[in-house]
Amino acid sequence: MATKLNSGGSGTRSSVAIFVVVGLCCFFYLLGAWQRSGFGKGDFIALQMTKGGADCNILPDLNFETHHGGEAGVVYDSDSTIKTIKPCDPKYTDYTPCQDQRRAMTFPRENMNYRERHCPPENEKLRCLIPAPKGYVTPFPWPKSRDYVPYANAPYKSLTVEKAIQNWIQYEGNVFRFPGGGTQFPQGADAYIDQLASVIPIKNGTVRTALDTGCGVASWGAYLWKRNVIAMSFAPRDSHEAQVQFALERGVPAVIGVLGTIKMPYPSAAFDMAHCSRCLIPWGVNDGMYMMEVDRVLRPGGYWVLSGPPINWRNFYKAWQRPKEELEEEQRKIEEIAKLLCWEKKSEKGETAIWQKSVNAESCRRSEDDSQATFCETAEADDVWYKKMEKCITPYPKANRDEDSEGEVKPFPERLNAVPPRIASGSIPGVSVDTYMEDNKTWKKHVKVYKNTIKIIDSGRYRNIMDMNAGFGGFAAALESPKLWVMNVVPTIAKKNTLGVVFERGLIGIYHDWCEAFSTYPRTYDLIHANRVFSLYKDKCNFEDILVEMDRILRPEGAVIIRDEVDVIVKVKKIVAGMRWVTKLMDHEDGPLVPEKILIAVKQYWVVGDNSTSSQ
């Protein structure tokens, strides 16, 4: 057996065949061994297999011909039918298709439009595999990754200079160190969060989901994690070089995003808390449109934190080197809009102010007859994908309309498996409490099988996980662990809009159309789960485009689980045969006669300049 895994041509297919024979159980066992050892190269696996050093239970190959006739024979088609997808040019190492800097500069700068999503047309899509930078290594396991990132994974030092006195990031030899500081909390995020916790019920599970606008390197979200609060952080593409990339390398949930002209890709009444620490968003402009958008995604009873200018301007205007009249007017506008939104100020201490949104519409004592309050007329508050931001107030959810409503979610972790208010109130047509409970049961069974197959799935090796078609969030709920987090994606073309349910369970997620690239850097996720994604998109866009995007956002040595109908799996596997993935087909948990199958894959290690999947 060769000890090197060649890319492309018959060499790749020979190596893949060897892995299939050995079985993915053995593969994942060895995967964990080499990653823990720090060796990080594909040669280790081949060497151990040659020596016969792994004691594994080999998964049997599927016999497709028995159950599916000649249809599935395409999986083992001749080499001549396989299309090899080639590596991209090294200049695309950190390519983010929908936030490409050159394309962005062709759009208006007004209201940050140029920093929003602007995806390439079909004829400009790369359709190649993004290489990892030279020297790329598997990130440190959590919680070490919170504080240390290998320099080779994001080799950009500008923030170490720009934010040196603010304790964001420091360069120490071959790693970056993140001391936990921020512009508004140079002494550390922990002390800052303690200050917030004196006002906001962070400790008792009431606050579970948070939104961090203009997150920087996401230290606020990173330090909230140990308090059982999960933050969705976002910042524009390279306002400061690689800030969101650093957040993701640290193992902190984050996406590339900006408050500009379109609505945020989150449902209404989603987050328990929203936060801006000197995020440079002009909250008072455009008749308070940005504050109204935060109000839309903020759950009734949720909190908004604003830290930095113009808060307490009388004491700080000299240090900020800004005219006090300008700051006074800025804070006046913010206070005025907060009152219109019916937010109650709970605290103003130092440079930090905290407001709370009313629990229900009735207690707010506002009405649509109030001439100052303009209410949104849209019937669907969660229809937000590429929709223009509105200067209006989003009505409260059905479950939060009056004093006697039961729209409050339960504290975490109880809310993870409790019946979410959107389902209890019948807000999702065709979805009953029984449907939801059965879905939970199903995903517990599926995840149990995943864990038995991929032994390292909950070992801490996989930190950043994505579910490409999340439904009610059952996959993420069954995986719930302090060692990992799941980005629950609800496709914009999904038959049911369930993302609000995901948030009510205390999980996080986002809307997305998989015909386009995701708003993240390459090498973001350790594990990607795709449940019937390809069936959903089979008449919408090219399977190859979706798979190439999955490869872009998957880390080297990361894993993929694809669950779908057999005819779809056959088509997907044929494309994957031309990528640098090792695959294994499995029957459904309930037996080979079930037409749904599972394809498990591992992305092989390769970097810029490699002609093979093992470095020389």
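Refer to the structure above for everything that follows.
Residues numbered from 1 in each chain as written. Predicted model: local features only at pLDDT ≥ 70, side-chain atom pairs only at ≥ 80, totals over all residues. Heavy atoms only, no water.

Asks: Outline the overall build of the protein chain, supporting the account with residue identities and numerical values.
Replies: In terms of regular secondary structure, the protein chain is built from 21 helices and 17 strands. In the protein chain, which comprises 616 residues, the share counted as buried stands at 60%. Considering only contacts within the protein chain whose residues lie at least 6 apart along the sequence, 70% involve residues at least 24 apart. Entry remark: accessible area of the protein chain is about 24700 Å², with carbon and sulfur atoms responsible for 50%. (Helix = DSSP H or I, 4+ residues; strand = E, 2+ residues; numbered from the N terminus. Buried < 20%, exposed > 50% of the residue type's maximum accessible area, 1.4 Å probe, protein only. Contact = heavy atoms within 4.5 Å. Areas by Shrake-Rupley, 256 points an atom, 1.4 Å probe, with all protein chains shown as cover.)

Asks: Give a description of the pairing of strand S9 (residues 343–349) that names residues and reports values.
Replies: The pairing of S9 with strand S10 (residues 352–357) spans 6 bridges and is antiparallel. Paired with glutamate 344 across the two strands is glutamine 356, which belongs to S10. Between S9 and S10, which pair antiparallel one after the other, the connecting turn spans 2 residues, and glycine 350 there sits at a positive phi close to 60°. (Pairing = 2+ DSSP bridges.)

Asks: Could you give me a rundown of the state of the cysteines, with the residues and numbers involved?
Replies: Per the stated rule, a full pass over the model turns up 5 disulfides. Between cysteine 88 and cysteine 128 runs a disulfide, and the two sulfur atoms are separated by 2.0 Å. Judged by the torsion about the S-S bond (105°), the cysteine 88/cysteine 128 disulfide is right-handed. Of this pair, cysteine 88 sits in the loop between helix H4 (64–68) and helix H5 (101–104) while cysteine 128 sits in the loop between H5 and helix H6 (144–147), and the two are 40 residues apart along the sequence. The exposure class assigned to cysteine 128 is buried, which follows from its relative accessible area of 13%. (Disulfide = S-S within 2.5 Å.)

Asks: A description of the sheet that holds S10 should follow, citing residues and the corresponding values.
Replies: Ordered by their spatial adjacency, 7 strands build an open sheet running S6-S5-S4-S7-S8-S10-S9, and the pairing between neighbours is mixed. A single partner strand is all that each edge strand has here, and the edge strands are strand S6 (254–256) and S9. Going from strand to strand, the sheet's axes swing by 20° on average, the running direction of each strand aside. Strand direction decides the pairing type here: strand S4 (residues 209–213) and strand S5 (residues 230–235), joined by 5 bridges, are parallel. Its bridge partner lying in S5, aspartate 212 is registered against serine 233. Strands strand S7 (271–277), strand S8 (298–307), S9 and S10 of the sheet are contacted by helix H8 (residues 189–197), whose axis makes an angle of about 45° with S10. Contacts from helix H11 (residues 289–297) reach S4, S7, S8, S9 and S10, with the element oriented near 140° to S8. (Axes fitted to C-alpha atoms, helices over the stretch in contact; angles between N-to-C directions.)

Asks: Tell me about H11, residues and numbers included.
Replies: Most of H11 is tucked away: 9 of the 9 residues are buried. Of the residues making up H11, those classed as buried are Met289, Tyr290, Met291, Met292, Glu293, Val294, Asp295, Arg296 and Val297.

Asks: Could you give an account of the sheet that holds strand S15 (residues 554–565), with specific residues and numbers?
Replies: Read from one edge of the open sheet, 7 strands run S13-S12-S11-S14-S15-S17-S16, paired in mixed fashion. For this open sheet the edge positions go to strand S13 (508–512) and strand S16 (581–587), each flanked by a neighbour on one side alone. Neighbour-to-neighbour, the strand axes of the sheet open up by a mean angle of 20°, direction not taken into account. Where strand S11 (residues 464–467) and strand S14 (residues 525–531) come together, 3 bridges link them in parallel fashion. Each residue of the ladder has a partner; that of aspartate 467, found in S14, is histidine 529. Set on the sheet, helix H16 (residues 433–453) makes contact with S14, S15, S16 and strand S17 (596–603); between it and S15 the angle comes to about 135°. Contacting S15, S16 and S17, helix H21 (residues 566–576) crosses the sheet at an angle of about 155° to S15.

Asks: Now, about the packing of aromatic side chains: what can you tell me, with residues and values included?
Replies: The tally for this structure, following the rule as stated, stands at 21 aromatic pairs. Look at phenylalanine 178 and phenylalanine 246: their rings are 5.6 Å apart centre to centre, the planes differ by 65°, and that puts the pair in the edge-to-face class. A residue pair is termed long-range when its members are at least 10 positions apart, and phenylalanine 178 in the loop between strand S3 (175–177) and H8 and phenylalanine 246 in helix H10 (residues 243–249) qualify at 68 residues. A relative accessible area of 1% places phenylalanine 178 in the buried class. The exposure class of phenylalanine 246 is buried, given its relative accessible area of 0%. Centre to centre, the rings of phenylalanine 271 and phenylalanine 503 are 4.8 Å apart; their planes meet at 65°, and the pair counts as edge-to-face. Here phenylalanine 271 is found in strand S7, whereas its partner phenylalanine 503 is found in helix H18 (residues 499–504), with 232 residues between them in sequence. An aromatic cluster is built from Tyr151, Tyr171, Phe176, Phe178 and Phe246, whose rings are joined through pairwise contacts. Over the aromatic face of tyrosine 114 sits the side chain of arginine 109, whose NZ or CZ is 4.4 Å from the ring centroid. (Phe/Tyr/Trp six-rings, centres within 6.5 Å; stacked < 30°, edge-to-face > 60°. Lys NZ or Arg CZ within 6 Å of the ring centre and 35° of its normal.)

Asks: Tell me about the pattern of salt bridges, and please be specific about residues and values.
Replies: With the rule as written, the count across this model stands at 44 salt bridges. Aspartate 272 serves as the salt-bridge partner of arginine 415, at 3.0 Å between the closest nitrogen and oxygen. Here arginine 415 is found in the loop between helix H14 (361–364) and helix H15 (421–424), whereas its partner aspartate 272 is found in strand S7, with 143 residues between them in sequence. Residues arginine 415 and aspartate 272 agree in their burial class; the two are buried. Lysine 357 serves as the salt-bridge partner of aspartate 295, at 3.7 Å between the closest nitrogen and oxygen. Taken as a pair, aspartate 295 in helix H11 and lysine 357 in strand S10 lie far apart in primary sequence, 62 residues in all. Here lysine 357 falls in the buried class, since its relative accessible area comes to 6%. (Salt bridge = Lys/Arg side-chain N within 4 Å of Asp/Glu carboxyl O.)

Asks: Tell me about a nonpolar patch on the surface, and please be specific about residues and values.
Replies: On the surface, Val419, Val433 and Met437 cluster together into a nonpolar patch covering about 200 Å² of accessible area. Structurally, the position occupied by methionine 437 is in helix H16. (Patch = residues over 30% accessible without salt bridge, like charges linked within 9 Å, V, L, I, M, F, W, Y side chains within 5 Å.)

Asks: Please set out the nonpolar core residue by residue, giving values where relevant.
Replies: Formed by 137 residues in total, the largest nonpolar core has its most connected members in Tyr266, Trp283, Trp304 and Met550. If we ignore the near neighbours within four places in the chain, the residues touching tryptophan 304 are Ala274, His275, Trp283, Met291, Val294, Leu298, Ile334, Trp343, Ala353, Ile354 and Trp355. (Core = buried A, V, L, I, M, F, W, Y, C linked by side-chain atoms within 4.5 Å.)

Asks: How would you summarise the packing of helix H12 (residues 313–320) against helix H13 (residues 324–340) if you had to cite specific residues and measurements?
Replies: H13 packs onto H12 with a crossing angle of 130° between their chain directions and a minimal axis gap of 9 Å. Regarding the angle of H12 to H13, the classification is oblique. When you trace H12 past H13, the crossing you get is right-handed. On the side of H12, the interface is formed by Trp313, Tyr317 and Trp320, while H13 contributes Lys324, Leu327, Glu328 and Gln331. (Parallel < 35°, antiparallel > 145°, perpendicular 65-115°, else oblique. Left-handed = near helix turned anticlockwise from the far one by under 90°.)

Asks: Describe the side chain of arginine 552, and please don't skip the residues or the numbers.
Replies: Structurally, the position occupied by arginine 552 is in helix H20 (residues 543–553). When its relative accessible area of 4% is taken as the criterion, arginine 552 is described as buried. Setting aside its immediate chain neighbours within four residues, arginine 552 contacts Tyr95, Thr96, Pro97, Ile130, Ala517, Phe518, Thr520, Tyr521, Pro522 and Arg523.

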